[in-house]
Amino acid sequence: MGFLDILLGRTKPVAPDLDRLFAVPSAAVTLEAAAGFTPTGRGSVCFTTVEGGAFTRIREDVGELLDADTERAGSPVEFSRDEYGYTWLLSRRGPADLTALVGDLHAVNTALQGSGFGSQLLCSLVGFQDGEGQALALVYLYKRGTFYPFAPRHGEKRDSALELRVKAVLADDLHIEQDLARWFPVWGAPGL
């Protein structure tokens, strides 16, 4: 970072630390004890779609890698495209198999990053739910290396109070995004 960057308030982007995803299973224990949220067994990775053979191959390779897991219960991974043109990979595991789900998400992120598509990665999320059916996602921002909670309500409304409570509960477990303006809603995201 140069002198001009300092004067203009520009900062160096934070290098993503994909290993932070592995903190989610221990954070889930805290989340269940403090707020009553348990894993749903669903998680997803969102990335900008790139046209071309190399990206198509890596997408197929990732799908085959995760689908080849003989321990996987239920549906294999699914790809979908949202209304904004972003691609989502949804992985399903049993609710008690959060460690394997996080491993899936880490593998997808690592494969895309290792193939030169790291700039296409946007976020990953892991779904949770409480006993009353309230959904919650822990969202990992790839380019920031941070997490934030997202608690959707019906009709594209958020439960901001719940999100702030979860932020406080998980402050010691996860690297939480401090800039609340970066807590983007992920309406209808696969995995919620």
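Coordinates for the structure precede this section.
Just so it is clear, the model here is predicted, and its values are computed rather than measured.

1. Re the packing of aromatic side chains
- Applying the stated criterion to the full structure yields 3 aromatic pairs.
- Residues tyrosine 148 and tryptophan 183 carry aromatic rings whose centres are separated by 6.0 Å and whose planes lie at 20° to one another, so their mutual orientation is stacked. Pair noted here: tyrosine 148 is in strand β6 (residues 146-150) and tryptophan 183 is in the segment after α5 (160-169), with a separation of 35 residues, a long-range link. Comparing tyrosine 148 with tryptophan 183 shows no difference in burial state: the two are buried.
- Between phenylalanine 150 and tryptophan 187, the ring centres sit 5.2 Å apart and the planes meet at 70°, which makes this aromatic pair edge-to-face. Of the two residues, phenylalanine 150 is situated in strand β6 and tryptophan 187 in the segment after α5; the sequence distance between them amounts to 37 residues.

2. Considering the sheet that holds β6
- Read from one edge to the other, the open sheet built from 6 strands follows the order β2-β3-β1-β4-β5-β6, with strand pairing classed as antiparallel. The open sheet terminates on both sides in strands that have one partner only, identified here as β2 (78-81) and β6. Put simply, the sheet's adjacent strands are angled 25° from each other on average, direction ignored.
- Relative to β6, strand β5 (residues 135-141) runs antiparallel, the two being bridged by 5 bridges. The partner of alanine 137 across the bridge, within β6, is phenylalanine 150.

3. Topic: the pattern of salt bridges
- Considering all chains together, one arrives at 7 salt bridges under this definition.
- Across the salt bridge formed by glutamate 78 and arginine 92, the nearest N and O atoms sit 2.5 Å from each other. Of this pair, glutamate 78 sits in strand β2 while arginine 92 sits in strand β3 (residues 86-92), and the two are 14 residues apart along the sequence.
- You can call arginine 92 partly exposed: its relative accessible area is 25%.
- Ionic pairing is found between arginine 144 and glutamate 177, a salt bridge with its closest N-O pair at 2.9 Å. On the criterion of sequence distance, the pair formed by arginine 144 in the loop between β5 and β6 and glutamate 177 in the segment after α5 is long-range, its members being 33 residues apart.

4. Structural notes on α5
- Of the residues making up α5, those classed as buried are Leu162, Glu163 and Val166. The buried residues of α5 occupy an angular sector of 100° when projected down its axis, which confines them to one face. Opposite the buried face of α5, by more than 90 degrees, sit the exposed residues Arg165 and Ala168.
- On its buried side, α5 packs onto α2 (24-35), β5, β6 and β8 (157-158).

5. Re the side chain of serine 124
- Relative to the assigned elements, serine 124 resides in strand β4 (residues 121-129).
- One polar contact links serine 124 to asparagine 109, side chain to side chain, over a distance of 2.9 Å.
- For serine 124, the residues in contact, after removing those within four places along its chain, are Leu21, Ser44, Val45, Asn109, Leu138, Val139 and Tyr140.

Calculation rules
Residues numbered from 1 in each chain as written. Predicted model: local features only at pLDDT ≥ 70, side-chain atom pairs only at ≥ 80, totals over all residues. Heavy atoms only, no water. Phe/Tyr/Trp six-rings, centres within 6.5 Å; stacked < 30°, edge-to-face > 60°. Helix = DSSP H or I, 4+ residues; strand = E, 2+ residues; numbered from the N terminus. Buried < 20%, exposed > 50% of the residue type's maximum accessible area, 1.4 Å probe, protein only. Pairing = 2+ DSSP bridges. Axes fitted to C-alpha atoms, helices over the stretch in contact; angles between N-to-C directions. Salt bridge = Lys/Arg side-chain N within 4 Å of Asp/Glu carboxyl O. Arc of directions from axis to C-beta. Contact = heavy atoms within 4.5 Å. Polar contact = N/O pair within 3.5 Å; in protein donor to acceptor, adjacent residues only side chain to side chain.

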